[in-house]
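So the chains spell out like this:
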Amino acid sequence: MTAIDAGAKNAKRAKISQFRRLLWHVNRTDLGWVLKAALTGLQLPARAKRVALLKQLPTKPEWTEASRKLDQDGYVDVSDIVNRGLAEAVASFAENKVSRLNELVGQQKERHKSFWVSLLDEDLVNGAFATDHPFVRYALQPAALRIIGDFMHDLPQLSDVVLTLSQPTPNQALSFSQLWHLDHDDKRVCKLFIYLTDVQNTADGPFTFIPAGPSKAFRNSLKSHMNDATVFAKTGPDVVKEMIAPRLSSFIVNTARCLHMGSRIQSDHSRLLYTATYIQQPRIYPEPPARFRAVGNLSDLERAVMRL
Ligand SMILES: O=C(O)CCC(=O)C(=O)O
């Protein structure tokens, strides 16, 4: 590469990072809704197609009620709604990973959060999960897509699936998702969780959040991760909900709207958690590389959910 080529490449990189910084700011404020509406307006036929697919999904009164609650409060417990067999398949897959913990920790690609261990690296081919993976099948179940889709008024896009083992971090200051934050992957971010271990009390590091109403106090804030004192100065501690629940409990949270934190694990405890993340298309940030690769027969709806 010549010096001129290298200079042009660096200038292009600088422009892209400036653009991302601008998006970062816009996305954190109500201006992001304007951008989202403009992007959607540019792709109306694609949107109409997704809405038609959403309407093909079955519906049940309890799913409609769950969707209404997700819209109103920003969260809903779906333990009695989702498919127990699919949740068991996720749990047994995850437990097998944990039984190989030492081997997998050695292979881990990213280790920036000392309290989180990511165990799925070996399941990825070029960064993508096979669509017949139990973690993907759970995320694609009609109940989840319908509940989140009716809330978004659009077929959701499955953005990622993760398994995290949270462990104690004695003598370390709280960091990353142990502190209060909103997710800013996009304007609407819904996470479908399954606890894969019992979360019986605060020592087990429950997912902890503030429902949508009181979380409004943090709308349009550019602050990223906040400690308890900063948050409680605005809301008081009484609005906080700790998700204390047994293994295989499943819940959906709009994490772009509900301030949340978790994984504050006390010594001798640990927590295993499955997370599927959904956003609404079109994505505010440039689309990342494909996260899923087609294996077996997929319906048009499943392809649309995974952008395949
Ligand atoms: O570990 C936790 O409970 C918090 C997880 C979290 O912040 C997230 O999934 O966005």
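Residues numbered from 1 in each chain as written. Predicted model: local features only at pLDDT ≥ 70, side-chain atom pairs only at ≥ 80, totals over all residues. Heavy atoms only, no water.

**So, the packing of helix 3 (residues 44–56) against helix 8 (residues 142–152)**
Then, number 1: At a minimum axis distance of 10 Å, the contact between helix 3 and helix 8 shows a crossing angle of 135°. Classified by the angle their axes make, helix 3 and helix 8 are oblique. The handedness of the crossing between helix 3 and helix 8 is left-handed. Residues Arg47, Leu54 and Lys55 of helix 3 touch helix 8, and the partners they reach there are Leu145, Arg146, Gly149, Asp150 and Met152.
Then, number 2: Here the residues of the contact of helix 3 with helix 8 sort into three nonpolar, one polar and four charged. (Axes fitted to C-alpha atoms, helices over the stretch in contact; angles between N-to-C directions. Helix = DSSP H or I, 4+ residues; strand = E, 2+ residues; numbered from the N terminus. Parallel < 35°, antiparallel > 145°, perpendicular 65-115°, else oblique. Left-handed = near helix turned anticlockwise from the far one by under 90°. Contact = heavy atoms within 4.5 Å. Nonpolar A, V, L, I, M, F, W, Y, C, P; charged D, E, K, R; others polar.)

**Quick notes on the nonpolar core**
Then, number 1: Leu158, Val161, Leu196, Ile252, Tyr274 and Tyr278 are the most contacted members of the largest nonpolar core, which totals 51 residues.
Then, number 2: Among the elements that line this core, the one with the most residues is helix 8, at seven residues.
Then, number 3: Discounting chain neighbours no more than four positions away, the residues touching Ile252 are Leu70, Gly74, Tyr75, Val76, Val78, Ile147, Ile148, Cys190, Lys191 and Leu192.
Then, number 4: Phe207, Ala212, Met243 and Ala245 belong to the second largest nonpolar core, which has 13 residues in total. (Core = buried A, V, L, I, M, F, W, Y, C linked by side-chain atoms within 4.5 Å. Buried < 20%, exposed > 50% of the residue type's maximum accessible area, 1.4 Å probe, protein only.)

**Overview of the site of the ligand**
Then, number 1: Residues in contact with the ligand amount to 12 residues; listed here are only the nearest, His181, Lys191, His260, Ser263 and Arg271.
Then, number 2: Between the ligand and the protein, one listed contact pairs an oxygen atom with a side-chain N or O atom of Ser263 at 2.6 Å.
Then, number 3: In the environment of the ligand, an oxygen atom lies 2.8 Å from a nitrogen or oxygen atom belonging to the side chain of Arg271.
Then, number 4: Contact with the protein chains covers 97% of the free accessible surface of the ligand, which is 290 Å².
Then, number 5: Contributions of two or more residues to the shell around the ligand are made by strand 5 (189–195) and strand 9 (260–261).
Then, number 6: Its residues placed into classes, the shell around the ligand shows four nonpolar, five polar and three charged. (Near = heavy atom within 4 Å. Polar contact = N/O pair within 3.5 Å; in protein donor to acceptor, adjacent residues only side chain to side chain. Areas by Shrake-Rupley, 256 points an atom, 1.4 Å probe, with all protein chains shown as cover.)

**What to know about the side chain of Arg283**
Then, number 1: If you trace the backbone, Arg283 turns up in the loop between strand 10 (271–279) and strand 11 (292–293).
Then, number 2: For Arg283, a relative accessible area of 13% puts it in the buried group.
Then, number 3: Only 3.1 Å separates the side chain of Arg283 from the side chain of Ser159, close enough to count as a polar contact.
Then, number 4: Polar side-chain contacts of Arg283 include one of 3.1 Å to the side chain of Glu287.

**Description of unusual backbone geometry**
Then, number 1: Note the cis peptide between Gln281 and Pro282, where omega equals -5°.
Then, number 2: Within the fold, Pro282 resides in the loop between strand 10 and strand 11.
Then, number 3: Here Asn126, not a glycine, exhibits a phi torsion of approximately 50°, which is positive.
Then, number 4: If you trace the backbone, Asn126 turns up in the loop between strand 2 (116–118) and strand 3 (129–130).
Then, number 5: Positive phi is not limited to glycine here, since Asn171 has a value of about 65°.
Then, number 6: Within the secondary structure layout, Asn171 lies in the loop between strand 4 (157–166) and strand 5.
Then, number 7: Overall, Asn171 belongs to the exposed group, its relative accessible area being 84%.

**Examining the domain arrangement of the protein**
As a measure of interface size, the accessible area lost when the parts come together is often cited.
Then, number 1: Each assigned domain of the protein is listed with its residue range as follows: domain 1 (1–42) and domain 2 (44–306).
Then, number 2: Taking the mean C-alpha position of each, domain 1 and domain 2 sit 27 Å from one another.
Then, number 3: The partner domain 2 presents 19 residues to the 16 residues of domain 1 that form the contact.
Then, number 4: Interface of domain 1 and domain 2: buried area, both sides summed, is about 1,900 Å²; carbon and sulfur atoms make up 55% of it.
Then, number 5: Counting the surface domain 1 buries against domain 2, the share from its top three residues, Asn27, Arg28 and Lys36, is 38%.
Then, number 6: Applying the counting rule to domain 1 against domain 2 returns two salt bridges.
Then, number 7: With its nearest N and O atoms 2.5 Å apart, the salt bridge here joins Lys36 to Asp186.
Then, number 8: The interface formed by domain 1 and domain 2 holds 10 residue pairs in polar contact (both at pLDDT 80 or more) in total.
Then, number 9: The set of elements that each furnish at least two residues to the side of domain 1 that touches domain 2 consists of helix 1 (3–27) and helix 2 (31–41).
Then, number 10: Considering every element that reaches the side of domain 1 that touches domain 2, the biggest residue donor is helix 2, with seven residues.
Then, number 11: Among the residues forming the side of domain 1 that touches domain 2, the class breakdown is six nonpolar, six polar and four charged. (Domains from an automatic or database assignment. Buried area = accessible area lost by both parts, 1.4 Å probe. Salt bridge = Lys/Arg side-chain N within 4 Å of Asp/Glu carboxyl O.)

**A few points about helix 5 (residues 84–99)**
Then, number 1: The end-to-end C-alpha separation of helix 5 is 22 Å, in line with the 22 Å expected for 16 residues at 1.5 Å each.
Then, number 2: Listed in full, the buried residues belonging to helix 5 are Ala87, Val90, Ala91, Ala94 and Lys97. The buried residues of helix 5 occupy one face: seen down the axis, they fall within an arc of 120°.
Then, number 3: Regarding helix 5, its N-cap is Asn83, as a side-chain oxygen of that residue lies 2.9 Å from the backbone nitrogen of Gly85 further along. (Expected span 1.5 Å × (residues − 1). Arc of directions from axis to C-beta.)

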